[in-house]
Amino acid sequence: MTDFIKRNKLFSIYTALVILIVLVAIFAPYLTPQDPYDGDMKNVLQTPSAEHFLGTDKLGRDTFSRIIAGTQVSLFMTICLVILLSIVGLVVGITSGYFGGKIEMILMRLADMMLSFPGVVLAIAIAGILGGSTVNTILALLIVGWAKYARLVRSLVIKLRNEDFVVAARVNGTKTINILLRHILPNVLPMIVITGAMDIGTMMMEIAGLSFLGFGAQPPTPEWGLMLNEGRQYIQTAPHLMIFPGLAIFIVVAIFNLWGDSLRDLLDPRQE
Amino acid sequence: MKRLGNRLLQMLVTLIGVSFMTFCLAYIAPGDPAAMLLESADTIVSEEILQKTREELGLDKPFLVQYGNWAAGVLHGDMGMSYSAKKPVIEKLSEGFVGTLLLAVVTVIFVLLISIPLGIWSAVRQNKLPDYIVRFFSFVGVSMPNFWLGLMLLYVFGLKLGLFPIVSSSITLKGLVLPALTLAIYQSAKYVRQVRTVILDELHKDYVIGARARGLSETTILFRHILPNAVLPLITLLGMSIGWLLGGVAVIEIVFAWPGMGNMAVRAIMMRDYPLIEGFVLWIAVAYMLINFLVDLSYSYLDPKLRKGEAA
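Residues numbered from 1 in each chain as written. Chains lettered and ligands numbered in written order. Predicted model: local features only at pLDDT ≥ 70, side-chain atom pairs only at ≥ 80, totals over all residues.

Let us now look at the overall build of chain B. When helices and strands are counted, chain B shows 14 helices and zero strands. If one aligns the C-alpha atoms of chain B with their principal axes, the spans along those axes are about 85 × 60 × 30 Å. Out of the 312 residues belonging to chain B, those deemed buried represent 37%. Considering only contacts within chain B whose residues lie at least 6 apart along the sequence, 71% involve residues at least 24 apart. (Helix = DSSP H or I, 4+ residues; strand = E, 2+ residues; numbered from the N terminus. Buried ≥ 20, exposed ≤ 12 C-beta atoms within 10 Å, placed from the backbone. Contact = placed C-beta atoms within 7 Å.)

This next bit is on the confidence of the model for chain B. All names here are of chain B. Confidence along chain B averages 83 in pLDDT terms, with 95% of residues attaining 70 or more. Across chain B, element-level confidence peaks in helix H6 (residues 129-143) with a mean pLDDT of 91 and bottoms out in helix H14 (residues 304-311) with 59. Scoring the predicted complex yields pTM 0.88 and, for the interface, ipTM 0.86. (pLDDT = per-residue confidence, 0-100.)

Opposite the 35 residues of chain B that make contact, chain A presents 34 residues. Examining the composition of the side of chain B that touches chain A, we find that eight residues originate from one element, helix H1 (residues 2-28) of chain B, more than from any other. Per-class residue counts for the side of chain B that touches chain A are 27 nonpolar, eight polar and no charged. (Nonpolar A, V, L, I, M, F, W, Y, C, P; charged D, E, K, R; others polar.)

Residue and element names in this part refer to chain A. Between helix H2 (residues 9-26) and helix H4 (residues 63-99), whose axes approach to 7 Å, the crossing angle comes to 105°. Considered as vectors, H2 and H4 are oriented roughly perpendicular to each other. Counting all contacts with H2, which are made through Ile21, Val22, Val24 and Ala25, the residues of H4 involved are Ile68, Thr71, Gln72 and Leu75. Taken together, the residues of the contact of H2 with H4 break down into six nonpolar, two polar and no charged. (Axes fitted to C-alpha atoms, helices over the stretch in contact; angles between N-to-C directions. Parallel < 35°, antiparallel > 145°, perpendicular 65-115°, else oblique.)

Structure (structure tokens):
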């Protein structure tokens, strides 16, 4: 353990920071100094002070508490999205890569369609038309994003399909489902974990962007993108309302990006 | 030639698929477009008028017939009427397109001015101080939400220093600077890494060693030998970012109240103006694919090796 940390100093530091963010997200309800939902109408739009570390918003809610609570919302949405993307990618990629034929053609045509189109536009349209909510945001980004994962898995599976150990398993009469679960899946998983980890930052930013436009989390949810949008109206009187939620997104996204990059360097030494 | 045909077929399939999907969404979405159209016109809504409007709009027909009618209209250059603006969708789209195109062009110029010199600088001084500085700023730019960056620039340069207008509801040169800069910083942060990689790749090739051995100066090697070879991959990357700029800049247009297509689309979605949304998505799909297609064509035109391959 200490040996591993010594050899991978940067990765260990980033992992520690990621764990810290995850802990903040999990224990958010116990870490907020004030109620993130309940405001004090006598103290609206206060600038940062000793009592309100990062000031208060238009309803007198403590910005710091809302940012802490927002960690939970943002991280939960992002993790859900990335896990769903991986699952859809694995199922579609393995089915089309291992079995081939008509299913492969249809699925890959669909994937090509999604890839040859700017996803953000479609995500805005989908989330907007379905109505803004956390579930619809995740759904919209899932519809737009699965193709990249599916393509990646498929290309790996096609390579694996004719490897000796898979052929041997097939000749031995192993059930197809067991081949897929025991031989194909474990060999595809690392790549998917890397891709997912590297995407966490981007996805978090896109979720915040949709919320910022009003097509994501709805008030009074303490979501960072939504807080930025609410704070935008007070750019003159209370700039802290837009500075701090954005800073929170920036810091967390940066940490996840650094962590994703170093995880890739660690697990996949072929790439520089 | 066969590849070209396949490519066009794929583009057609994508267009149909994407427009069909938007159409489905609008169909299953809550809210009755006929009622919304009437309410926005301040008509007293009775069941009878509702029925009549539905018939006029063709909303009483089965879903596939509706889609067929719409697609046939598009082929004739008619994308229907916008509910909210009471104007043909085409007209609304072209209004917004001017703003978006202008923003995209200025952004691309900024991106080139920022990322090419910085990318070259960091590649030539690989693993030295300039390289670290450029890479650090590139990392910061990629991790920063661009709508937040836009708001900060607006706050500092628009509000505190008063150099630029805070709201640019009409197209002005001054109003263009901040949104273009915001987009360019984000894009350059990505692009500068790619420029660096491309230049580094070229730097390690044999012909560079050969040129050095012949005693050519580093500047000559850089500008006469490396850059011409690096142009091709850079064009592809740039083409992709133009496509992105034409479609995905809604957030920035909203931040700066810039009168472009993204701004228009977000408002259309809020007002449930389905014909306008459908038109917008289709327009973006066409523009994006057309640009990628042109980039590919320019690739095979600019690269003599590919040109030969095509003739053979």
